[in-house]
Amino acid sequence: MEDLNTYYPQIYHWFPDIPKTESDKLVIRKFEAGEVLALKGQLFQHIFIVLDGVCNVINQLDNGTEILTLKLALGDVIGVSESVLNNMRYIASVKACTPVIVAELSQSMFQRWINTYPCFVNFVLKNLVTRLHYTADFSANCQTSASKINLAKYLIDRYNVELTFLSPNSRRSVRIQETHEMIGTFLGVSSRTVERQLHALKADGLISTSRGKIDISPEQYQELLNLVASNL
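Just so you know, these numbers come straight off a predicted model, no measurement behind them.

Overview of the overall build of the protein
Argument step 1. Helices and strands together make up the secondary structure of the protein, namely 9 helices and 11 strands.
Argument step 2. Here the protein has a C-alpha radius of gyration of 19 Å; the compact-globule value for 232 residues is 17 Å, and the two agree.
Argument step 3. Reported as C-alpha extents along the three principal axes, the dimensions of the protein are approximately 60 × 40 × 30 Å.
Argument step 4. Expressed as a percentage of contacts within the protein between residues at least 6 apart in sequence, the contacts between residues at least 24 apart total 72%.
Argument step 5. When the accessible surface of the protein is summed, it comes to about 12,100 Å², and 52% of that surface belongs to carbon and sulfur atoms.
Argument step 6. Charge-centre separation for the protein: the mean point of 22 positive side chains lies 4 Å from the mean point of 23 negative side chains.

Spelled out as structure tokens, the structure:
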């Protein structure tokens, strides 16, 4: 269990109307990289608010294929859908891709805050609406062009997401964490098509690869933007 005092200033900033005696009931937990916060099909128990780190929302299809649908970071809430829908089990899996610190709320505490504190309601609604529109726009934008351009759009978005977790003014390359299979599933193409188009982008100098992962430098990011802009 982590020390609440480290994170209380952020919590107070988000929820100024919630008494400190109430906020102190939060449990601060740490998950290591690779650790599962929620497992699809597992009994739903807690709601989490991300205080530090990055985690992936992963949905498993009926055939066992995993789709990375969203990355969660500071201020994102986990478990709201399950609570609102009164689900007994988690709808999707959430896995830490860096060390992650969360504030943990029980279902009863979450419902009490929702029913008592307007600032908390606004916080949760804003988080959900922002994620909904982002996911819908991202998915639509990656389905409107040829496979190479759709892949470039995907990599541009992933670059921007990963960049937010680096230190300000970082000029080093950004590593894309998703596997080729995950990318193909999201784009609706085969892994072989992803491999072919990645090879073409690499041959054009728009990406680099290392140990099976995709790396994109700031200069390559600009070239990817130019590629997409020239094919609109």
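Brief notes about the environment of Lys-95
Argument step 1. As for its position among the elements, Lys-95 is in strand S7 (residues 93-96).
Argument step 2. Classification of Lys-95 as partly exposed rests on a relative accessible area of 33%.
Argument step 3. Residues Lys-95 and Ser-81 lie 14 residues apart in sequence; the distance between their C-alpha atoms is 17 Å.
Argument step 4. When near neighbours in sequence (up to four residues on either side) are disregarded, Lys-95 contacts Gly-34, Glu-35, Val-36, Leu-37, Cys-55, Asn-56 and Ile-58.

A closer look at the pattern of salt bridges
Argument step 1. With the rule as written, the count across this model stands at 9 salt bridges.
Argument step 2. Among the salt bridges present, the one from Glu-22 reaches Lys-25, with a minimum N-O distance of 3.2 Å.
Argument step 3. Residue Arg-158 pairs with Asp-157 through a salt bridge whose shortest N-O separation is 2.7 Å. The pair Arg-158 / Asp-157 is uniform in exposure class, with both members buried.
Argument step 4. Connected through shared salt-bridge partners, Glu-22, Lys-25 and Arg-112 make up one network.

Digging into a nonpolar patch on the surface
Argument step 1. A cluster of nonpolar side chains, namely Val-84, Leu-85 and Ile-91, defines an oily patch on the protein surface of about 290 Å² accessible area.
Argument step 2. Relative to the helices and strands, Leu-85 resides in the loop between helix H3 (80-84) and S7.
Argument step 3. With a relative accessible area of 56%, Leu-85 lands in the exposed category.

Observations concerning the confidence of the model for the protein
Argument step 1. Confidence in the prediction of the protein, expressed as mean pLDDT, is 88, and 95% of residues score 70 or more.
Argument step 2. When pLDDT is averaged over each helix and strand of the protein, the minimum, 81, is found for strand S5 (residues 66-72) and the maximum, 96, for strand S6 (residues 77-78).

With respect to the sheet that holds strand S2 (residues 36-38)
Argument step 1. An order of S2-S7-S4-S5 is seen for the 4 strands of this open sheet, with the pairing classed as antiparallel. In this open sheet, the two strands that pair with only one neighbour each are S2 and S5. Geometrically, the sheet is characterised by an average inter-axis angle of 30° between neighbouring strands, direction not taken into account.
Argument step 2. The pairing of strand S4 (residues 55-60) with S7 spans 4 bridges and is classified as antiparallel. Among the inter-strand pairings, Ile-58 is bridged to a residue of S7, identified as Ser-93.

Description of unusual backbone geometry
Argument step 1. Although it is not a glycine, Asn-86 sits at a positive phi angle of roughly 60°.
Argument step 2. Note on placement: Asn-86 falls in the loop between H3 and S7.
Argument step 3. The phi dihedral of Arg-211 is positive, around 55°, even though this residue is not glycine.
Argument step 4. Tracing the backbone through its elements, the reader meets Arg-211 in the loop between strand S10 (208-210) and strand S11 (213-216).
Argument step 5. The class of Arg-211 is exposed, set by a relative accessible area of 84%.

Considering the packing of aromatic side chains
Argument step 1. If you walk through the whole model with that rule in mind, you get 16 aromatic pairs.
Argument step 2. Where Phe-15 meets Trp-113, the ring centres are 6.0 Å apart and the plane angle is 70°; that geometry is what we call edge-to-face. Of the two residues, Phe-15 sits in the loop between helix H1 (4-14) and helix H2 (20-23) while Trp-113 sits in helix H4 (residues 107-116), which places them 98 residues apart along the sequence.
Argument step 3. You can call Phe-15 buried: its relative accessible area is 1%.
Argument step 4. Judged by its relative accessible area of 0%, Trp-113 falls in the buried class.
Argument step 5. Arranged with centres 4.9 Å apart and planes meeting at 80°, the rings of Phe-15 and Phe-123 form a pair that is edge-to-face. Taken together, the residues Phe-15 in the loop between H1 and H2 and Phe-123 in helix H5 (residues 118-141) connect sequence positions 108 residues apart. As far as the burial class goes, Phe-15 and Phe-123 line up, both buried.
Argument step 6. The side chain of Arg-158 reaches across the aromatic face of Tyr-154, ending 5.7 Å from its centre.

Calculation notes
Residues numbered from 1 in each chain as written. Predicted model: local features only at pLDDT ≥ 70, side-chain atom pairs only at ≥ 80, totals over all residues. Heavy atoms only, no water. Helix = DSSP H or I, 4+ residues; strand = E, 2+ residues; numbered from the N terminus. Rg over C-alpha atoms; globule rule 2.2 N^0.38 Å. Contact = heavy atoms within 4.5 Å. Areas by Shrake-Rupley, 256 points an atom, 1.4 Å probe, with all protein chains shown as cover. Lys, Arg positive; Asp, Glu negative; His and termini not counted. Charge placed at Lys NZ, Arg CZ, Asp CG, Glu CD. Buried < 20%, exposed > 50% of the residue type's maximum accessible area, 1.4 Å probe, protein only. Salt bridge = Lys/Arg side-chain N within 4 Å of Asp/Glu carboxyl O. Patch = residues over 30% accessible without salt bridge, like charges linked within 9 Å, V, L, I, M, F, W, Y side chains within 5 Å. pLDDT = per-residue confidence, 0-100. Pairing = 2+ DSSP bridges. Axes fitted to C-alpha atoms, helices over the stretch in contact; angles between N-to-C directions. Phe/Tyr/Trp six-rings, centres within 6.5 Å; stacked < 30°, edge-to-face > 60°. Lys NZ or Arg CZ within 6 Å of the ring centre and 35° of its normal.

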